[in-house]
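# Breakdown of the fold
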Amino acid sequence: MKSKYPVSRRDFIRLSSMAAAGAMFLPLGTSFSNKAPAPMMRPFGRIKNKVTTLGLGGQASIQWTPDDVDPVQIITKAFDLGINYFDTSNVYDLSQMHYHSAFEKMNLIPGKPNYDKKLRESITITSKTLMRWGKPGWKEVENVRNKSNGEDVQTAADDIRRTMTQLFGDGKGNYPEGSYVDIVMVHALQAIEENDILYKGIETPIKPDENFGALVVLKDFRDGTNLTGTNPKNEKLLKHIGFSGHNNPEAMIDFMQRDKYGLLDALLVSINSNDHLYFNMKHNVIPLAKAKGLGVIGMKVFGAGTMYKEVPGFSRDPDQIYRKVGSTDLPSSELIEYVLTTPGVDTLIIGIGQIDEDPLKCQLTQNYYASQVKPDAMSKERRLEIEAKTAKAAGERTNFFQLDKIDMTGPRDLKQETVNGITKITWQTAYAAENPISHYEIVSNGNVLGTVKHQPQVLKDKPFTFEIDQSNVDDFKVYTVDENGNKA
């Protein structure tokens, strides 16, 4: 990493706070003589490469580019800082093409004489597909989306090849041998009906006269197989499969619980300091992802920018890109630290609207310094303070992409059977509200028969179980109990 802004993290954040308050000059006695911190790295689930605690998002000015911004400079500056996780998607307009231009400058195009194989192997590149079906001719199903920016894209396989030609090839369908991305994600999962489509061909046989889902296609391009007929050259164009989700923990949990095949290696999930005001990710989705060994990437750290904009909603054009750095009421560094100290989060991605030669005005440099934190660097009390500050400064409107808050649920799909005098009670996981779930309490006729510790339920067909050596158990109830003693 080039030490372009040589100053300690503590001093940099202090100076940034002064800059946000209007003091856009360095105080007397301030020095940039210390070396900038090397990028902090964390393990990333089962994936070989560790990741820097900050990754570069493929949206903001890389997608909706203002006239006076060069998106390629944003990407190369991220390389310059030592960032090694890069995000894009097939529905991010010209994002993948801008990465291609940066990769040419960084010698990351396979087949070129100056190809830097060592650098390529040290970074993680992720793209995504919003296609749910595996072959053309799919039928419309309610709550199931099939979308791409590609004109001729009809399947997930088309999106995979589109990513290759845009990132490494000519953008017209051709790409050099040796092209690959580290992860392709199922993009923006939001409904269980989508899961039912995606798992066709995985949970069920592939039949010539029936369609199948995108997951088995991704598996073909991961393994170099052609079970689907969509990979006739037996190409290996991706190393790992993941998925992203913004709003629906129930669908995301179902998607992971159905994976008993070792398909999923990564999760990109919305998580910020207003998460607790919604059907939250931190107590429901993220713990399950970690229990299944997935690498976890946080996103929407600033609520897609709405923590600093008046109108909530995703940006749709360059004029909507937020190009300042935080605010005095809500410093961006605190929001970044909050996410990176959320248990289970390995890294986070942030889209960049503005870079600047002045490090105190540069979003990317600010985010980089703020992200140099260890997983346990923030106390529970401090996290609660930031949650209160965020709710006060930005209100509950920020996470417009997330489902409304729910009360803690009771155990789901409760069943009882008695065999040879042994009564067995089973249930599917409950959903947590503001506090983590502690355990389940089994009660019959006012008597507590026992408790079962809560832990992430990794598979749908392995429910929670309680057995008792008697056959006359009746009028039983199972309660969910959170860490504060609340019951449902």
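This text follows the structure it describes.
Scope of this entry: the structure provided in the associated data block. Quick caveat, the model's predicted, so the values are computed rather than measured. (Residues numbered from 1 in each chain as written. Predicted model: local features only at pLDDT ≥ 70, side-chain atom pairs only at ≥ 80, totals over all residues. Heavy atoms only, no water.)

## A closer look at the pairing of strand S7 (residues 238-245)
- The buried fraction of S7 is high, at 7 of 8 residues.
- Where S7 lies against strand S8 (residues 264-270), 5 bridges are found, and the strand directions are parallel. When the sheet's bridge partners are listed, Gly242 is paired in S8 with Ala266.
- As a crossover connection, the stretch from S7 through helix H8 (residues 249-257) into S8 is right-handed. (Buried < 20%, exposed > 50% of the residue type's maximum accessible area, 1.4 Å probe, protein only. Helix = DSSP H or I, 4+ residues; strand = E, 2+ residues; numbered from the N terminus. Pairing = 2+ DSSP bridges. Right-handed = clockwise from strand over helix to strand, strands pointing away.)

## Focus: unusual backbone geometry
- Although it is not a glycine, Ala60 sits at a positive phi angle of roughly 50°.
- One can find Ala60 in the loop between strand S3 (54-56) and helix H2 (71-81).
- Phi at Asn143 is positive, roughly 70°, even though this residue is not glycine.
- Following the sequence through the fold, Asn143 ends up in the loop between strand S5 (124-129) and helix H5 (156-167).

## A word on the sheet that holds strand S12 (residues 422-428)
- Spatial strand order, S11-S12-S15: 3 strands in an open sheet with antiparallel pairing. The two strands at the open ends of the sheet, each matched to only one other strand, are strand S11 (412-419) and strand S15 (464-468). Neighbour-to-neighbour, the strand axes of this sheet turn through a mean angle of 15°, independent of strand direction. (Axes fitted to C-alpha atoms, helices over the stretch in contact; angles between N-to-C directions.)

## A closer look at the layout of surface pockets
- Its volume calculated, the largest pocket comes out at about 800 Å³.
- Lining the largest pocket are 36 residues, and of these Lys282, His283, Asn435, Pro436 and Glu483 lie nearest its centre.
- Counting only elements with at least two residues in the lining of the largest pocket, the list comes to H8, helix H9 (285-291) and helix H12 (380-394).
- Space inside the second largest pocket adds up to approximately 490 Å³.
- Contributing to the lining of the second largest pocket are 21 residues, with Leu130, His187, Ala188, Phe314 and Arg316 lying nearest its centre. (1 Å grid on protein atoms, 1.4 Å probe; cavity = no way out; pocket = protein on both sides within 12 Å on 5 of 7 lines; lining within 4 Å. Points joined across faces, edges and corners; volume = space filled by probe spheres on them.)

## Examining the packing of helix H3 (residues 95-105) against H5
- Remark: H3 packs on H5, axes separated minimally by 7 Å, with the N-to-C direction vectors making an angle of 40°. With respect to H5, the axis of H3 lies oblique. Only Arg162, Thr163, Gln166 and Leu167 of H5 make contact with H3, whose side of the interface consists of Gln96, Met97, Tyr99, His100 and Phe103.
- Residues of the contact of H3 with H5, tallied by class, amount to 4 nonpolar, 4 polar and 1 charged. (Parallel < 35°, antiparallel > 145°, perpendicular 65-115°, else oblique. Contact = heavy atoms within 4.5 Å. Nonpolar A, V, L, I, M, F, W, Y, C, P; charged D, E, K, R; others polar.)

## Focus on the side chain of Thr480
- One can find Thr480 in strand S16 (residues 476-482).
- For Thr480, a relative accessible area of 0% puts it in the buried group.
- Separated by 2.9 Å, the side chain of Thr480 and the backbone oxygen of Thr409 make a polar contact.
- Among residues more than four places away in sequence, those in contact with Thr480 are Met408, Thr409, Gly410, Pro411, Ala430, Ile437, His439, Tyr440, Asn486, Lys487 and Ala488. (Polar contact = N/O pair within 3.5 Å; in protein donor to acceptor, adjacent residues only side chain to side chain.)

## Here's the deal with the environment of Lys290
- Inspection of the secondary structure assignment puts Lys290 in helix H9.
- Given a relative accessible area of 30%, Lys290 falls into the partly exposed group.
- Along the primary structure Lys290 and Phe44 are separated by 246 residues, whereas in three dimensions their C-alpha atoms are 9.9 Å apart.
- Lys290 has contacts with Gly295, Val296, Gly344 and Asp346, leaving out every residue within four places of it along the chain.

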